[in-house]
Amino acid sequence: MIYFIALICVLGIAAGQILFKLSATSLQKSGSLFDLSTLTTLFFAFALYGITTIAWVWVLQKIELGKVYPLMAMAFVLVPIGSHFFFGERFQPQYFVGVAMIMAGIVLAVKA
């Protein structure tokens, strides 16, 4: 259950990064931080980060940081995947080699 909540935290952090990028895109289009679309997206990004942080603190009460922190590396995989689907960003083949190495490192660290 604790690892499940930790994974939810990782997903929340990744989604928050996508929302921050959407905020930046909205800001660039509108030219104003006070644009309703920009503020709304930014608000949800901060709210998600806040909720995720509270959940992460709960996780850290239950398990050692060294055991659960490697899961945060999954954000390095999820955010670029999200950027591909939301923003059309493309990757070089080396990216997939890097993702495989990150995933192998996560599995190795969590099982240690």
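Residues numbered from 1 in each chain as written. Predicted model: local features only at pLDDT ≥ 70, side-chain atom pairs only at ≥ 80, totals over all residues. Heavy atoms only, no water.

As a further point, take the overall build of the protein. A count of helical and extended segments in the protein gives five helices and zero strands. The helix and strand sequence of the protein, counted from the amino end, reads α-α-α-α-α. Across its three principal axes, the protein shows a C-alpha extent of roughly 50 × 40 × 15 Å. Among the 112 residues that make up the protein, the fraction classed as buried is 29%. Taking contacts inside the protein between residues at least 6 apart in sequence as the whole, the part at least 24 apart equals 69%. Per element, the accessible surface of the protein, about 7400 Å² overall, is 74% carbon and sulfur. (Helix = DSSP H or I, 4+ residues; strand = E, 2+ residues; numbered from the N terminus. Buried < 20%, exposed > 50% of the residue type's maximum accessible area, 1.4 Å probe, protein only. Contact = heavy atoms within 4.5 Å. Areas by Shrake-Rupley, 256 points an atom, 1.4 Å probe, with all protein chains shown as cover.)

End to end, helix α4 (residues 75-87) covers 17 Å across 13 residues, agreeing with the expected 18 Å (1.5 Å per residue, within 8%). Buried residues of α4: A75, V77, P80, G82 and S83, and no others. Looking at the buried residues of α4, the elements they touch are α1 (2-30) and α5 (93-111). Once α4 ends, the next one or two residues include G88, with phi positive near 70°. (Expected span 1.5 Å × (residues − 1).)

Following both chains from N to C, one finds α1 and α4 inclined at 40°, their axes separated by 9 Å at the closest point. The pairing of α1 with α4 is recorded here as oblique in orientation. Classified by chirality, the crossing of α4 by α1 is right-handed. Listed contacts from α4 to V10, L11, I13, A14, Q17, I18, K21, L22 and T25 of α1 are A75, L78, V79, G82, S83, F86 and F87. Of the residues assigned to the contact of α1 with α4, the class counts are 11 nonpolar, four polar and one charged. (Axes fitted to C-alpha atoms, helices over the stretch in contact; angles between N-to-C directions. Parallel < 35°, antiparallel > 145°, perpendicular 65-115°, else oblique. Left-handed = near helix turned anticlockwise from the far one by under 90°. Nonpolar A, V, L, I, M, F, W, Y, C, P; charged D, E, K, R; others polar.)

What follows deals with the nonpolar core. Ranked by internal contacts, the top residues of the largest apolar core, which has 14 residues, are A6, V10, W56, V59, V68, L71 and M72. Elements with a contribution of two residues or more to this core: α1 and α2 (36-62). Among the elements that take part in this core, α1 stands out by supplying five residues, more than any other. What V10 contacts, discounting residues up to four positions off in sequence, is L71, M72, M74, A75 and L78. (Core = buried A, V, L, I, M, F, W, Y, C linked by side-chain atoms within 4.5 Å.)

A grouping of M1, F4, I8 and L11 is seen on the molecular surface, where their side chains present a nonpolar patch of about 450 Å² in accessible area. By the element assignment, M1 lies in the segment before α1. In this structure M1 comes out as exposed when scored by relative accessible area, which is 71%. (Patch = residues over 30% accessible without salt bridge, like charges linked within 9 Å, V, L, I, M, F, W, Y side chains within 5 Å. Salt bridge = Lys/Arg side-chain N within 4 Å of Asp/Glu carboxyl O.)

Turning our eyes to something else, we now look at the packing of α1 against α2. It is at 8 Å that the axes of α1 and α2 come closest, and there the two elements cross at 160°. As far as their axial angle goes, α2 and α1 are roughly antiparallel. α2 is crossed by α1, and the crossing has left-handed handedness. Of the residues in the contact of α1 with α2, the class split is 20 nonpolar, 10 polar and one charged.

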